[in-house]
Amino acid sequence: ILEVDVAKTVTKIQPTMFGLFFEDINFAADGGLYAEMIKNRSFEFEKPLMGWDQPNTKRSSLNMNSGAATPVKVVENETNPNFCRVLINDDKGYALINEGFRGMGVKKDAKYNLSLKAANHNGAIKKIIVQLIDKDKKVIGETTIIPTSKEWETYSAEFKATQTEAKAKLKITFEGTGTIDLDMISLFPEDTWKNRKNGLRKDLVQLLYDMKPGFLRFPGGCIVEGRTLSDRYQWKKSVGDVEDRKTMMNRWNVEFSHKQTPDYFQSFGLGFYEYFQLSEDIGATPLPILSCGMACQYNTGELAPIEELDPYIQDALDLIEFANGSEETRWGILRSDMGHPKPFNLKYIGVGNEQWGPDYIERFKIFEKAIKAKYPDIIIVSGSGPSPDGEHFDFAMAELKKLNAELIDEHYYQSPKWFRENASRYDNYDRKGPKIFAGEYAAQSVSGANPNNRNNWECAFSEAAFMTGLERNAEVVNMTSYAPLMAHEDAWQWTPDMIWFNNLESYGSANYYVQKLFSTNKGTDLLNITKDAKPLTGQNDLYASAVKDVNTKEVIVKLVNTAAASQEVTVDLKGGKFATKGTLITLSSPKLEDENTFGEPKKISPKESSYNLKGVKASLNLPAYSVTVLKLKSK
Ligand code: AHR
């Protein structure tokens, strides 16, 4: 018999308890959430024509061919220096083709918004013909632009697709002979999240929204740090006009990537303004993380000398002003000009991602002093290094405790067994110590980023077992998030990932449904649930936590059975009075290796049924390998 003490609140559960960690890894932003379909739209990749193909051109014999595109650089333009100069010798065969992000996902009858900048040198180019083509080169959507001006001008057009195609391309041809310059060639579906022009992919945001996340941490991850300091994420370069956001190589443009991604760059079309807006849209508290003057310690580990930290600190202060400042302030004005006069109500800021050692502590202290001096109410998140066990971690925890740090970000990428065995991780944690942000975690079916490291059911229910431990310790654990969040099936660098997508579809993994179950049933008050006066941390392969929700007047019990056989349990809800009809939600699958796929996206997903309660003792049959949520309405 498990006992729940319904009458006594152990502690309040923070609204931020279960949130999201977003990083532009695995094509999560460019090629994913950010719905731009053109890769390298402004010719700013390291190789300016990457992503663009010109099948009928041999550069060595330009005059023999129908046309050619050449990148041109304008040095004075620091943020968007390159454009593409196209010379058309005849108007018969030349085409410039963009391959998209592993193709473009196009839907029959959906509308698409095209825009481009052009300067038509001597007016000789009469028409620009823009077509979507399918994998057999058949035209499945078309529009025409008349480039009327010799000077740079932005043109736009809207057209419909006639066919659904996962790997479409954009083909541009020309009528007339002569020279035309092109830049910012962009294509978005009209149907975006909240119908925002040039906005975010609707299906992906919907998956996030459905989780009712408590917070959104952005923009990473290692991407915050950069391999070198000069390519760290600098939020100021990600705001303002998209055209002026300087493209740079993504830190996850990595050689070890299973799916090679030499074409992984950041356009910053999804920048800090959009992250704040997304947080607001999905009801999540924004949690930006900034560079602390340390480049990724897995790469160069480059350090900003202490006497050169000022710009990094200024970035943090200015970001708070950008989010919360009035329209009288420099950065508040920019936010307002971008479309959000009201503050974003920023409450948290992270200093450094996954940094460790004395260098980190030294820098953290300086940031903390400066931020608190100007913004005493902003809560600062500090890091503790990569692994939850080991020297780095112990050092960081001890030092941060001395500093009375507010929230410490811990990361654990471990085996499913580790997760099951660590459900009691915070049971003896100092109640007066810094609060915990379990900022990145995921059970790894095998170690390393590779196709065998799966989002399988064993990983997911082991995380659920661990999460009962996070929830039971809500007094000290204030924020938690699975990582990474998203991955493109054809362009990933890390496995496993919570949400998988291709250019047309997306689905939540079993891990997604575990996260969603906890997040949408987090309650407001923690209750004690025990067996023989002890918390359930794996005895008989059982794990449990319980909460009540003062708003919905519900008691919610979460039970995880990690055994290969079903188990009968009785939950004694002491001190409660309940309606006889409750709700039972079960997430289970018979095999450890089961997983959701594009073919079977909801194979492992919650099944809801009604539950008839007799008295105050709930008898439950917990299926093998299952996560069960029992919800009872108080009378
Ligand atoms: O989530 C993937 C990476 O794991 C993050 O970028 C980093 O913080 C951690 O090492």
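Since the model is a prediction, treat every value here as computed from it, not as a measurement.

1. A look at the overall build of the chain
Within the chain, the regular secondary structure consists of 10 helices and 34 strands. Relative to the 2.2 N^0.38 estimate, which gives 26 Å for 635 residues, the radius of gyration of the chain is 27 Å and therefore close to what a compact globule would have. Dimensions along the principal axes, computed over C-alpha positions, put the chain at roughly 85 × 55 × 45 Å. Every one of the 635 residues in the chain was classed for burial, and the buried ones make up 49%. Sequence-distant contacts in the chain: of pairs separated by 6 or more residues, those separated by 24 or more amount to 76%.

2. Focus: the sheet that holds strand β15 (residues 215-218)
Read from one edge of the open sheet, 8 strands run β3-β15-β18-β19-β20-β21-β22-β23, paired in parallel fashion. Here the strands that pair on one side only, and so sit at the sheet edges, are β3 (20-21) and β23 (477-482). The pairing of strand β21 (residues 407-414) with strand β22 (residues 435-443) spans 8 bridges and is parallel. Following the sheet pairing, His-411 is matched in β22 by Glu-440. Set on the sheet, helix α4 (residues 310-324) makes contact with β18 (285-290) and β19 (348-351); between it and β18 the angle comes to about 160 degrees.

3. Quick notes on helix α9 (residues 457-472)
In this model α9 runs 23 Å from its N-terminal to its C-terminal C-alpha over 16 residues, within 8% of the 22 Å that 1.5 Å per residue would give. Here α9 lies mainly inside the structure; 16 of its 16 residues are buried.

4. Structural notes on the UniProt feature "domain: Alpha-L-arabinofuranosidase C-terminal" (unreviewed entry) in the chain
Residues annotated in UniProt with the feature "domain: Alpha-L-arabinofuranosidase C-terminal" (unreviewed entry) correspond here to residues 439-626. Between the end C-alpha atoms of residues 439-626 the distance is 25 Å, and the span holds 14% helix and 38% strand.

5. Some thoughts on the site of the ligand
Around the ligand there are 13 residues in total, and Gly-221, Cys-222, Glu-354, Ala-483 and Pro-484 lie nearest to it. Looking at the shell around the ligand residue by residue, the classes come out as 6 nonpolar, 4 polar and 3 charged.

6. Thoughts on the pairing of strand β27 (residues 525-530)
Note that strand β1 (residues 2-5) and β27 share 3 bridges and pair antiparallel. In the strand pairing of β27, Asp-5 is matched with Asn-528. Summarising the sheet, strand β2 (residues 11-12) and β27 pair through 2 bridges and their orientation is antiparallel. Bridge assignment links Lys-12 to a residue of β27, and that residue is Asp-525.

Rules used in this analysis
Residues numbered from 1 in each chain as written. Predicted model: local features only at pLDDT ≥ 70, side-chain atom pairs only at ≥ 80, totals over all residues. Helix = DSSP H or I, 4+ residues; strand = E, 2+ residues; numbered from the N terminus. Rg over C-alpha atoms; globule rule 2.2 N^0.38 Å. Buried ≥ 20, exposed ≤ 12 C-beta atoms within 10 Å, placed from the backbone. Contact = placed C-beta atoms within 7 Å. Pairing = 2+ DSSP bridges. Axes fitted to C-alpha atoms, helices over the stretch in contact; angles between N-to-C directions. Expected span 1.5 Å × (residues − 1). UniProt positions renumbered as here; feature names shortened; annotations may be inferred. Near = placed C-beta within 6 Å. Nonpolar A, V, L, I, M, F, W, Y, C, P; charged D, E, K, R; others polar.

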